[in-house]
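Geometric and topological summary
As a plain string of letters, each chain reads:
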Amino acid sequence: MLKAYTSPSTTTVNQHKYESGYQAAQLLVDLLEGRNVSHHIVLNTELVKRESVKRLPL
């Protein structure tokens, strides 16, 4: 992981690789079987805040 080599540790976005791969495979199967498919798929993401995020004083 990259976070082990950066200081401060950087904030990242978790993209849920399993769900992304599952949706891609499902889309491929649907295409191969001749089904109409949606080209707009929305996957959940998660912001992982680490040391690079700092609250600024007002």
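Structure report, in brief. What you see is a predicted model, and the numbers here were worked out from it, not measured in a lab. (Residues numbered from 1 in each chain as written. Predicted model: local features only at pLDDT ≥ 70, side-chain atom pairs only at ≥ 80, totals over all residues. Heavy atoms only, no water.)

Moving on to the overall build of the protein. Scanning the protein from terminus to terminus reveals 1 helix and 2 strands. Counting from the amino terminus, the protein carries its helices and strands in the arrangement β-α-β. Relative to its length of 58 residues, the protein is extended, with a C-alpha radius of gyration of 18 Å against a globular reference of 10 Å. With the principal axes as the frame, the protein shows a C-alpha extent of 55 × 30 × 10 Å. Looking at the protein as a whole, 3% of its 58 residues qualify as buried. Considering only contacts in the protein between residues 6 or more positions apart, those separated by 24 or more positions represent 81%. Summing over all exposed atoms, the protein offers an accessible surface of approximately 5600 Å²; the carbon and sulfur share of this is 56%. Positive and negative side-chain charges of the protein, numbering 7 and 5 respectively, have mean locations separated by a distance of 15 Å. (Helix = DSSP H or I, 4+ residues; strand = E, 2+ residues; numbered from the N terminus. Rg over C-alpha atoms; globule rule 2.2 N^0.38 Å. Buried < 20%, exposed > 50% of the residue type's maximum accessible area, 1.4 Å probe, protein only. Contact = heavy atoms within 4.5 Å. Areas by Shrake-Rupley, 256 points an atom, 1.4 Å probe, with all protein chains shown as cover. Lys, Arg positive; Asp, Glu negative; His and termini not counted. Charge placed at Lys NZ, Arg CZ, Asp CG, Glu CD.)

Take aspartate 30: it is sitting in helix 1 (residues 17–32). By relative accessible area, aspartate 30 is classed as buried at 16%. Non-local contacts of aspartate 30, meaning those with residues more than four positions away in its chain, are made with Arg35 and Val37.

Looking now at the side chain of serine 9. The topology assignment puts serine 9 in the segment before strand 1 (12–14). For serine 9, a relative accessible area of 14% translates into the label buried. In this structure serine 9 touches Arg50, Glu51 and Ser52, once residues within four positions along its chain are discounted.

What follows is about unusual backbone geometry. With a phi angle near 50°, histidine 16 is a residue other than glycine that sits in the positive phi range. The residue histidine 16 is located in the loop between strand 1 and helix 1 in this model. We classify histidine 16 as partly exposed; its relative accessible area is 33%.

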